[in-house]
Amino acid sequence: MLKTFRKGGIHPPENKLSALSKITDIPQSKEYVVSLSQHIGAPAQCCVEKGEHIAKYQLIGKSAGFVSANIHSPVSGTVRKIDKFKNAFGFETTSVFITPDGQNDEERHPLTSEVTAKLSSKEIIGIIDNAGIVGLGGATFPTKVKLMPPDNMPVDTLLINGAECEPYLTNDQRLMEECPEEIIEGVKLLMRAINVEKAYIAIESNKPEAIKALEKAAAHATGIKITPLKVKYPQGGEKQLIDAVLNRQVPSGGLPASVGVIVQNVATAYAVKQAVIDGTPLTERVITVTGPDLPHPGNYRVPIGTPISDIIEAAGGLPENTQKVVIGGPMMGKAASNLNATANKGMSGILIVPKRYAMRQKAENCVRCASCVSACPMGLEPYLIARLSELKDYKRLEEERVMDCIECGSCSYVCISHRPLLDYIRIGKNKTGAIIKSRKTNNK
Amino acid sequence: MNPIISAVAVLGGTGIISAALLYIVARKFKVTEDPRIDDVEKMLPGANCGGCGYSGCRDFAANCVGSGTLEGRRCPVGGDATMKAIAEYLGLKAETEKPKVAVLKCNGSCMARKHTSVYDGPRSCAIERIIYAGETDCAYGCLGCGDCVNACLFDAIKLDPEIGIPTIDDERCTACGACADACPDKIIELRYKGPKNRRVYVACSNHDKGAEAIKECKAACIGCGKCVKACPFDAITLTDNLAYIDDEKCRLCRKCVDACPVKCIKAVNFPDKPSISKEEAAC
Amino acid sequence: MNNELIISSSPHIHTSKTVERTMLDVIIALLPAIACSLFFFGVGALVVLATAVAGCVATEFLIQKFLIKGNSTIGNYSAIVTGVLLALNLPSNLPVYIVLLGSVFAIGIAKMAFGGLGNNIFNPAIAGRVFLLLSFPAQMTTWPLPIVNRWQYFDMETGATILSTMKEGAGDVSTGASIASSMKDIVEVSPVEALLGNMGGSMGEVSAIALLIGGAYLLLRKVISWHIPIAILASVALFYLILGDDPLMPLLTGGLLLGAIFMATDYATSPMSHKGMIIYGVMIGIITVVIRKWGAYPEGVSFAILLMNGLTPLINRYFKPSKFGERSRK
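Residues numbered from 1 in each chain as written. Chains lettered and ligands numbered in written order. Predicted model: local features only at pLDDT ≥ 70, side-chain atom pairs only at ≥ 80, totals over all residues.

**Details of the overall build of chain C**
Here's step 1: On a plain count of helices and strands, chain C comes out with 14 helices and three strands.
Here's step 2: Burial status across chain C gives 51% buried among its 330 residues. (Helix = DSSP H or I, 4+ residues; strand = E, 2+ residues; numbered from the N terminus. Buried ≥ 20, exposed ≤ 12 C-beta atoms within 10 Å, placed from the backbone.)

Below is the structure:
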């Protein structure tokens, strides 16, 4: 019996259309627009000027606070301007517009193996911080913050997330198959950074090649174990993954570190290896471009700041019947309204949805079939929470533990009445969260 | 015994005993309340809108009576008249305030703003705003899902399907502020109603640079600053590419209205084609 | 690309299951029971079935057209399900007007008056049946004998059900009254016959095997979960065992299987959490046996389900699923 998490979960059609296509580079774009807020937390502060010539990997945005991250240039070129730029969802962020010169002057500081072998935990975290590494699973939480858990929470295990439970997405899968050694190197560095002896790499069993490749690469590493998991969504959720692999449940509102675990994505581990050993900061990532009607679904190595339209072009261009473009996977991704926007560190996939799947079906009365209750991986009652949110009963929402919701969308997925459960739960969660926050500040 | 008599006796007896019990319980657990609270509550509009900051009219009344001062307490719906009546009754002093009205700082009708995407989800501005910037390119303006309409207890806001944004009825609006709270972008402002309901305001919330803004919406403020220069009373300020008219300082001369190249400054309830010199003399 | 992009919140994919498909699955699961009822009761079964379905659909249609002007929900087959379930709970010689009355009550009062599908507190088919049982006790408790009456609708040979026989027999022993002797025929049915359905009873409840096939289909299609039916059947069996009776015949006869598989599992009127479902099922089982053993009626499944329907909101309030992280391992 393969391991999995205990509560709820669903199994949507996997549709890993791009599972067999190798990670390829995409042609250089005319302009790169690099946003200064590509992570959770304070936007980075711009540290280049208009007209300045910059090298590839040069720092262009400096981390502005503890929860923030550095931003580096993905190409060498000239800064055309620093201005507001709309992201894929129509919101403006301050961005650096870079015209590439095709020279690819590099500014990087690789370390020799003797030096890397002697690095202390603090030094590794320092390099990770400098390289602007954030959680590449999609949440884009600055990695260095995660690597420094509160002192009262001793950590004994590193958990590497290679579950990739989202349908369609294959970027982590390809990375695990093509670069297993680099990932293992990264895992070793992460283990040293947080001083643990044990690391587990969790991979869903629908990726046998990736499991094999990593098992081979980890054969001589001590303390690293590959754990195949039963295919079930949302296994890639931190809490679910910890439950599945280690049989520990993170309490409500708690950090993974409170049960002695730190979770990192495989792509993050890969980025850590690149940062520490090769001396290259995080300026590119693997993005899956996929969709039922796309001519060439594939996995691409994309510099941050590349226009989304260029990435889609590399995959054969938008089909005529496209009516929705989702940034991320189909379960948790967000629909984009602006395709002129550019790639950022958190973009794991671009899903092109044809007309026939784009519109939602009409919502009917809730028939109280309880599918959502069985599907909820957090043991909540989505039908009730959505209803309370509609009624704006924030007190009861808090009692019903709306803040535990991980917004995985399993409830909306299984609803036979096509009710927009998550839409309502999300607004209820936002409002309740704001109320709790203001109450806390008032109490202080 | 006659069954009729016994039935009457049993039922009647039960009734009398229950009545006695109820009476005793009611006397025993009676809560004494200041009778003035009832009287003050009767003076209030009874809409329980929460515009005063208290949870309903009774709570407001209890607070007025209990605190012994009307300072900082005001029923926006009842306005000065109600507050005066309450003040007289309680022997206190009420603050007077110029009446206000809700104003939508967006004029991005369907004609002015092109729809570039279609929102498919529950009709709620708050929910739409979490997901993205809105159906048009303007990330600041009205989303048109009608959260303000649903919040209004006085039926003063209607969504006009022709223009796709809400219109506010001056007569019905009580300036309780429910719509302003409901709006996720906070583009509804409570402004002075003005003499004869006449007022001037910037009907736009777009902070983008001029060229960008006008591309997004034909009715957008481009931040050119002409109104700032035109205003003789220093009532207009320009922050982050958006003009704002301070209603404390505005004297309703309407020079800014004429100066605005995109006509995003609105003057409402003025007679048609006024002569400007006359208006100035009136000030 | 020449379409405006559509923006909606995640998830962007959706299960292929729908309300219509679910209702259709219930109808498919009921087909064996329908076939059995037609085989045993012939013309009468057909008339009652057609009347109940037509009555339910027409009531829903008329109410939505003239009273509650809203979206029509006729297309989701739920009225048909109610009609079929109601018919299967009736004797096959019930006059048409009584069947129609039952349908109008089931849809009009028990379902639409509460706000339509999903908002009803009581299972419409059971409410309809219980309404008829209380209003027309004589007609509702004379069951035609199977097979012999195939080509008749009225004037057929009737008999008691196995359950009433058991009950009268029991009454005879304990009180010495002469009820049993007034019964014309003491019904004797073997378990095999009960399994197949060759006995008197309501149209759909006679054949245990047909109902079990339907239940297996529903479980396979994941339309229902096992919790409610198993909880009911297990608690009934256990209770009979405790009372010192053989539970086999009571399980196979009467409305128990139909109720446990098709009626108690009705989405809107059963609890939402698995814990709640088990409590609901066990309570139905206990109440059923209590009514069967000591109540005035020989059969108590309908009353038990109806009672527990009323308690469902309370069960939902107090028996919630255990939340993630509540039972922390460390």
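**A short note on the overall build of chain B**
Here's step 1: Within chain B one finds eleven helices and nine strands.
Here's step 2: Taking 19 Å as the expected radius of gyration for a compact globule of 283 residues, we find that chain B reaches 27 Å, considerably beyond that expectation.
Here's step 3: If one aligns the C-alpha atoms of chain B with their principal axes, the spans along those axes are about 100 × 50 × 30 Å.
Here's step 4: In chain B, which comprises 283 residues, the proportion classed as buried is 38%. (Rg over C-alpha atoms; globule rule 2.2 N^0.38 Å.)

**What to know about helix 14 (residues 301–318) of chain C**
Residue and element names in this part refer to chain C.
Here's step 1: The first and last C-alpha atoms of helix 14 sit 24 Å apart over 18 residues, in line with the 26 Å expected at 1.5 Å per residue.
Here's step 2: At Leu 311, helix 14 shows its largest bend, some 45°, and a proline, Pro 313, comes one to four positions later.
Here's step 3: In this structure, the buried residues of helix 14 make contact with helix 4 (124–135), helix 12 (256–263) and helix 13 (274–294). (Expected span 1.5 Å × (residues − 1). Bend = angle between axes of the 7 residues up to and from the residue. Contact = placed C-beta atoms within 7 Å.)

**Concerning the domain arrangement of chain B**
Residues and elements named next belong to chain B.
Here's step 1: Assigned domains within chain B: domain 1 (35–90) and domain 2 (100–282).
Here's step 2: A C-alpha centroid distance of 31 Å is found between domain 1 and domain 2.
Here's step 3: The interface of domain 1 with domain 2 comprises five residues on the first partner and eight residues on the second.
Here's step 4: Residues belonging to the side of domain 1 that touches domain 2 are distributed by class as follows: four nonpolar, one polar and no charged. (Domains from an automatic or database assignment. Nonpolar A, V, L, I, M, F, W, Y, C, P; charged D, E, K, R; others polar.)

**Regarding the interface of chain C and chain A**
Here's step 1: Tallying the contact residues gives 34 residues for chain C and 55 residues for chain A.
Here's step 2: Elements represented by at least two residues in the side of chain C that touches chain A include exactly strand 1 (5–7) and helix 1 (19–67) of chain C.
Here's step 3: The dominant element in the side of chain C that touches chain A, judged by the number of residues it contributes, is strand 1 of chain C, at three residues.
Here's step 4: A class-by-class count of the residues in the side of chain C that touches chain A yields 13 nonpolar, 16 polar and five charged.

**Describing the sheet that holds strand 6 (residues 71–72) of chain A**
Residue and element names in this part refer to chain A.
Here's step 1: Overall, antiparallel pairing links the three strands, which are arranged 3-5-6 in an open sheet. This sheet does not close on itself; its edge strands, each paired only once, are strand 3 (45–46) and strand 6.
Here's step 2: Examined bridge by bridge, strand 3 and strand 5 (residues 59–62) share two bridges and lie antiparallel to one another. Bridging from a neighbouring strand, Gln 45 pairs with Lys 62 of strand 5. (Pairing = 2+ DSSP bridges.)

**Focus on the packing of helix 1 of chain C against helix 2 (residues 78–88) of chain C**
All names here are of chain C.
Here's step 1: The interhelical angle for the contact between helix 1 and helix 2, taken along N-to-C directions, is 135°, at an axis separation of 5 Å. Looking at the two axes, helix 1 sits oblique to helix 2. Of the two possible hands of crossing, helix 1 and helix 2 adopt the one that is right-handed. (Axes fitted to C-alpha atoms, helices over the stretch in contact; angles between N-to-C directions. Parallel < 35°, antiparallel > 145°, perpendicular 65-115°, else oblique. Left-handed = near helix turned anticlockwise from the far one by under 90°.)

**What to know about unusual backbone geometry**
Here's step 1: Going from A:Tyr233 to A:Pro234, the amide bond is cis rather than trans, its omega being -5°.
Here's step 2: Between C:Ser10 and the following residue, C:Pro11, the backbone shows a cis peptide bond with an omega angle of -5°.
Here's step 3: Residue placement: C:Pro11 occurs in the loop between strand 1 and helix 1.
Here's step 4: In the Ramachandran plot, A:Ala370 falls in the positive-phi region, its phi being about 70° despite a non-glycine side chain.
Here's step 5: Relative to the helices and strands, A:Ala370 resides in the loop between helix 10 (355–358) and helix 11 (371–375).
Here's step 6: Residue A:Ala370 is classed as buried on the basis of its 23 C-beta neighbours within 10 Å.
Here's step 7: For B:Asn241, which is not a glycine, the phi torsion comes out positive at approximately 65°.

**Side note on helix 4 of chain C**
Residues and elements named next belong to chain C.
Here's step 1: The end-to-end C-alpha separation of helix 4 is 16 Å, in line with the 16 Å expected for twelve residues at 1.5 Å each.
Here's step 2: What helix 4 keeps buried is the set Pro 124, Ala 125, Ile 126, Ala 127, Gly 128, Arg 129, Val 130 and Leu 132.
Here's step 3: Against the buried residues of helix 4 lie helix 2, helix 3 (96–111), helix 5 (137–140), helix 12 and helix 14.

**Section: the confidence of the model for chain B**
Here's step 1: For chain B, the average pLDDT comes to 88, and 96% of its residues sit at 70 or higher.
Here's step 2: Confidence, expressed as mean pLDDT per element, reaches its minimum in chain B at helix 11 (residues 276–282) of chain B with 45 and its maximum at strand 8 (residues 242–245) of chain B with 94. (pLDDT = per-residue confidence, 0-100.)

**As for the interface of chain B and chain C**
Here's step 1: Contact residues are listed per partner, giving nine residues for chain B and six residues for chain C.
Here's step 2: Per-element accounting of the side of chain B that touches chain C gives the leading share, three residues, to strand 2 (residues 117–119) of chain B.
Here's step 3: Partitioning the side of chain B that touches chain C into residue classes produces four nonpolar, four polar and one charged.
Here's step 4: When strand 2 of chain B meets strand 1 of chain C, the two strands line up parallel, connected through three bridges. Bridging from a neighbouring strand, B:Ser117 pairs with C:Leu5 of strand 1 of chain C.

**Considering the nonpolar core**
Here's step 1: Core analysis: the biggest nonpolar cluster contains 289 residues, and A:Val187 and A:Ala202 have the highest contact counts within it.
Here's step 2: Per element, the largest residue contribution to this core is 16 residues, and it comes from helix 1 of chain C.
Here's step 3: Those residues in contact with A:Val187 that sit more than four places away from it in its chain are A:Leu158, A:Ile160, A:Ala199, A:Ile201, A:Ile224 and A:Ala269. (Core = buried A, V, L, I, M, F, W, Y, C linked by C-beta atoms within 7 Å.)

**Quick notes on the confidence of the model for chain C**
Here's step 1: Looking at chain C, the pLDDT average stands at 85 and 86% of residues meet or exceed 70.
Here's step 2: Taken together, the chains of this predicted complex give a pTM of 0.88 and an interface ipTM of 0.88.

**Quick notes on the packing of helix 4 (residues 171–178) of chain A against helix 8 (residues 266–278) of chain A**
Any two packed helices are characterised by the angle at which their axes cross and by the distance between the axes.
Residue and element names in this part refer to chain A.
Here's step 1: Packing of helix 4 against helix 8 brings their axes to within 9 Å, and their N-to-C directions diverge by 50°. Taken together, helix 4 and helix 8 sit at an angle that is classed as oblique. In this structure, helix 4 crosses over helix 8, and the sense of that crossing is left-handed. When helix 4 is examined against helix 8, the residues Asp 172, Leu 175 and Met 176 are found in contact with a partner set consisting of Val 266, Ala 267 and Tyr 270.
Here's step 2: Among the residues forming the contact of helix 4 with helix 8, the class breakdown is five nonpolar, no polar and one charged.

**Side note on the pairing of strand 8 of chain B**
Residue and element names in this part refer to chain B.
Here's step 1: Judged from the four bridges that link them, strand 7 (residues 236–239) and strand 8 form a sheet pairing that is antiparallel. Counterpart to Ile 236 in the pairing with strand 8 is Ile 245.
Here's step 2: Remark: two residues form the turn of the hairpin made by strand 7 and strand 8, two consecutive strands paired antiparallel; Asp 240 in that turn has positive phi of roughly 50°.

**Concerning the sheet that holds strand 17 (residues 349–354) of chain A**
Residue and element names in this part refer to chain A.
Here's step 1: Overall, mixed pairing links the six strands, which are arranged 1-14-13-17-15-16 in an open sheet. Lying at the two open borders of the sheet, with one neighbouring strand each, are strand 1 (23–25) and strand 16 (334–335).
Here's step 2: Bridge count between strand 15 (residues 322–327) and strand 16: two bridges; the pairing is antiparallel. Bridge assignment links Ile 327 to a residue of strand 16, and that residue is Lys 334.
Here's step 3: Against the sheet, helix 4 engages strand 1, strand 13 (284–290), strand 14 (298–303) and strand 17, with an angle of about 125° to strand 13.

**Focus: the environment of A:Tyr168**
Residue and element names in this part refer to chain A.
Here's step 1: In this structure, Tyr 168 sits in the loop between strand 9 (157–162) and helix 4.
Here's step 2: Note on Tyr 168: 30 C-beta atoms within 10 Å, which makes it buried.
Here's step 3: On a C-alpha basis, the gap between Tyr 168 and Leu 17 in space is 6.3 Å, while along the polypeptide they are 151 residues apart.
Here's step 4: Those residues in contact with Tyr 168 that sit more than four places away from it in its chain are Asn 15, Lys 16, Leu 17, Thr 288, Thr 290, Gly 329, Pro 330, Gly 349 and Leu 351.

**Looking at the pairing of strand 12 (residues 261–265) of chain A**
Residue and element names in this part refer to chain A.
Here's step 1: Burial analysis of strand 12 places five of its five residues in the buried class, the great majority of the element.
Here's step 2: In terms of strand pairing, strand 9 meets strand 12 through five bridges, oriented parallel. The partner of Asn 161 across the bridge, within strand 12, is Asn 265.

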